Amino acid sequence: MKRIRTALIGCGKVGGLHAAALTTLPESELVAVCDATPARAEEFAAKYGGQAYRDVSTMIRESGAEAVFICTPHPLHAEPAVLAAEAGVHVMVEKPMAATLSDCDAMLRAAQKTGVTLSVMSQRRFYESVQRMKAAIDAGKIGRPILGLFLMFSWRDQAYYESDPWRGKWTTEGGGVLVNQSPHQLDLLRWFMGDLEEVSGRWANLNHPYVEVDDTAVATLKFKNGGLGSIVTSLSQKPGLFTKVHIHGSNGSSLGVETDRGATFIAGVSKIAQPPLNDLWTIPGEEHLLAEFEAADRARFQNIDPVTHYHSLQIQDFLQAIRDGCPPLVSGTDGRAVVEMFTAIYESHKTKATVSLPLTTSSGSSSNAS
Ligand SMILES: NC(=O)c1ccc[n+]([C@@H]2O[C@H](COP(=O)([O-])OP(=O)(O)OC[C@H]3O[C@@H](n4cnc5c(N)ncnc54)[C@H](O)[C@@H]3O)[C@@H](O)[C@H]2O)c1
C-alpha cells in the first residue's frame, strides 16, 4: 500500500497524539513537523521523525506533504488550513474547526476550490458506545429522535488556564467551555438529532474569576426535525462529575452515553481514567443489552490506550477516505455546524433573543465576546 505523506502543524499537547498515530498507522509516512517555536518542532522531529519547520508555507512548498494535521490553538486553525488546501494538500484540523464562522467558511471555500478532503477531529464519534447509539437511531429503533440533552459538569483549575498563554482569553481562545471543551458533545448531539433550527442561550463565568471567557453555558434548542433539546455545560464543578449525551425517541425509548467520567481528559496532561459507557438503553426487548455493552466496553478499555486509540481511529478513517476517494466520517461541514451551534449561543446571549439557524458569516458578530 502506498503511504500518504503526512505533516503535523502545532507540536504541542494534542500534536503528540497525532504524531503517535501518524508514525504507527500503515497509511501514513510522517515527513514533516512544524511549529512557530522552532525548538518544539525540532523536539518532535527528533522523537517522531520528519523534517522540522517553523513556517507552514515553506513546509508545504518543500516537504511534499499530501495531508496536514493542524494542532494549533483554534483561532490559528484557518490560516494554515487555507494555505494547505489552496496548495492541493488534504486537511485534518483539530476541534473546534475554528473560533468563528468566517474562518470555517474560508477553509471550506479553499477545500472546495481544489477538491481536497477537509475533516475535523471529533474522536468521540468513534467510541463504541456512541457508534451503537448512532446505529440504533439510524435503524429507527427509537422512532424519531425528539429530545436531546448534553450535560457536562466538569472542572478546570487555574493552573490549566495558565498552562498556555492563549487559554482563557477571547482573542486567543475565541471562547471558553463552549468553544474548547464542548465541541465533542455538540457534534454528537447534532449527529444524533440532526440540524438545529433555533437556539436560545446564556453563558456565565461562575467560578473562574481569573479568566475572561465562559466557564458555564445553558441553552434550549429546537431541531429541524421538530425535536427539542437542552444544553447545560460547565467547568465549575470540583471535582468534575460527568459528561453525558442522552437521546429520547418518539416511541418512548431512551439512549445515553456517558462520554466522560469525572473531569474531561486534558490531552498531554491527564489520562482517561474510566471507559465511556452507555448509561441508558430502553429500546423494548433490548433493555438487557445495557449490561452486556458495559461489560464489553470495560474489557476493551483494559486493552487499549484510550487517549491515543480513538484519535488514531479517526486519523485512519481520514487517510483511508483520501486513499479511497470517499468522504471521511467527520466532514468540514460537520465541523462548521459545531461552530455555528456555539456562535448561536453566544449571539443569543448578546442579543437576549432566540437565534434562527442557519447562520451565515454576516449574520453573527466577528467575536464571540459580549
Ligand atoms: N480532540 C481533542 O480531544 C483535543 C484535545 C486537546 C486539544 N485539542 C485542540 O487542539 C488544539 C491545540 O491544543 P493543545 O492543547 O495541543 O495546545 P498547545 O498550546 O499545547 O499546542 C499548540 C502548538 O501550536 C504551536 N503554534 C501556535 N501557532 C502556530 C503557528 N502559526 N504555526 C505553527 N505552530 C503554531 C504552538 O507553539 C504550540 O506548540 C486546540 O484547538 C484544541 O482545542 C483537541
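For the structure, check the block above.
Residues numbered from 1 in each chain as written. Predicted model: local features only at pLDDT ≥ 70, side-chain atom pairs only at ≥ 80, totals over all residues. Heavy atoms only, no water.

Considerations on helix H3 (residues 56-63)
All buried positions along H3 are accounted for by Val56, Met59, Ile60 and Ser63. Within H3, the buried residues cover an arc of 100° as seen down the axis, which keeps them to one side. Away from its buried face by more than 90 degrees, H3 exposes Arg61 and Glu62. Buried positions along H3 lie against strand S1 (4-9), strand S2 (28-34), strand S3 (51-53), strand S4 (67-70) and helix H4 (78-86). Just downstream of H3, Gly64 is the residue with a positive phi angle, here 70°. (Buried < 20%, exposed > 50% of the residue type's maximum accessible area, 1.4 Å probe, protein only. Helix = DSSP H or I, 4+ residues; strand = E, 2+ residues; numbered from the N terminus. Arc of directions from axis to C-beta. Contact = heavy atoms within 4.5 Å.)

Brief notes about unusual backbone geometry
A cis amide bond, omega -15°, links Lys95 with the succeeding residue Pro96. With respect to the helices and strands, Pro96 occurs in the loop between strand S5 (90-93) and helix H5 (101-114). Here the amide bond leading from Lys238 into Pro239 is cis, since omega sits at 0°, within 30 degrees of zero. By the secondary structure assignment, Pro239 is in the loop between strand S10 (228-234) and strand S11 (242-249). At Lys352, a residue that is not glycine, the phi angle is positive and equals roughly 55°. Here Lys352 is to be found in the loop between helix H13 (332-351) and strand S14 (355-356). On the basis of relative accessibility, which here comes to 68%, the residue Lys352 falls in the exposed class.

Overview of the sheet that holds strand S6 (residues 118-120)
Backbone-to-backbone hydrogen bonds pair the strands of a sheet. The strands run either parallel or antiparallel. Taken together, six strands build an open sheet; the order of strands is S3-S2-S1-S4-S5-S6 and the sheet is parallel. A single partner strand is all that each edge strand has here, and the edge strands are S3 and S6. Averaged over all neighbouring strand pairs, the angle between strand axes comes to 25°, with direction disregarded. Of the strand pairs in this sheet, S5 and S6 are connected by three bridges, and their pairing is parallel. Residue pairing across strands places Val93 opposite Val120, the latter belonging to S6. (Pairing = 2+ DSSP bridges. Axes fitted to C-alpha atoms, helices over the stretch in contact; angles between N-to-C directions.)

Describing the pattern of salt bridges
On inspection of all chains with the given rule, the structure shows 22 salt bridges. Across the salt bridge formed by Asp334 and Arg125, the nearest N and O atoms sit 3.5 Å from each other. With Asp334 in helix H13 and Arg125 in the loop between S6 and helix H6 (128-138), this pair connects stretches of sequence that are 209 residues apart. Judged on exposure class, the residue Asp334 and its partner Arg125 are both buried. Residues Arg167 and Asp164 are paired through a salt bridge, measuring 2.9 Å at the closest nitrogen-oxygen approach. By relative accessible area, Arg167 is classed as buried at 10%. Via salt bridges that share partners, Arg125, Asp187, Arg190, Asp195 and Asp334 belong to a single interconnected network. (Salt bridge = Lys/Arg side-chain N within 4 Å of Asp/Glu carboxyl O.)

Some remarks on empty space enclosed by the protein
Under the definition given, this model contains two cavities of 30 Å³ or more. By volume, the largest cavity is sized at about 90 Å³. Lining of the largest cavity is provided by 13 residues; of these, Lys95, Val120, Met121, Ser122 and Val338 occupy positions nearest its centre. Of all elements in the fold, only helix H10 (183-193) and H13 reach the threshold of two or more residues within the lining of the largest cavity. Taken together, the residues of the lining of the largest cavity break down into seven nonpolar, three polar and three charged. Residue lining of the second largest cavity: Tyr127, Glu128, Ser129, Pro275, Pro276, Asp297, Arg300, Phe301, Ile304 and Tyr310, and that is the complete set. Contributions of two or more residues to the lining of the second largest cavity are made by H6 and helix H11 (289-302). If you tally residues by element for the lining of the second largest cavity, the top one is H11, at three residues. (1 Å grid on protein atoms, 1.4 Å probe; cavity = no way out; pocket = protein on both sides within 12 Å on 5 of 7 lines; lining within 4 Å. Points joined across faces, edges and corners; volume = space filled by probe spheres on them. Nonpolar A, V, L, I, M, F, W, Y, C, P; charged D, E, K, R; others polar.)

A short note on the side chain of Glu258
Looking at the element boundaries, Glu258 is found in strand S12 (residues 254-261). Residue classification places Glu258 among the buried positions, given a relative accessible area of 11%. Not counting the four nearest positions on each side in its chain, Glu258 is found in contact with Phe242, Thr243, Lys244, Pro276, Leu277 and Asp279.

Points about the sheet that holds strand S7 (residues 145-153)
Ordered by their spatial adjacency, eight strands build an open sheet running S13-S12-S11-S7-S10-S9-S8-S14, and the pairing between neighbours is mixed. For this open sheet the edge positions go to strand S13 (277-281) and S14, each flanked by a neighbour on one side alone. The pairing of strand S8 (residues 196-204) with strand S9 (residues 216-223) spans eight bridges and is classified as antiparallel. Paired with Ser200 across the two strands is Thr220, which belongs to S9. Here H10 sits on the sheet and contacts S7, S9, S10, S11 and S12; the angle it forms with S7, its principal contact strand, is near 170°.

Overview of the layout of surface pockets
By volume, the largest pocket amounts to about 1100 Å³. Val14, Cys71, Thr72, Pro73 and Trp166 are, among the 47 residues lining the largest pocket, the residues nearest its centre. When contributions to the lining of the largest pocket are tallied by element, the ones reaching two or more residues are helix H1 (13-24), H3, H4, helix H9 (177-181) and H10. Among the elements that take part in the lining of the largest pocket, H4 stands out by supplying four residues, more than any other. Residue composition of the lining of the largest pocket, by class: 19 nonpolar, 15 polar and 13 charged.

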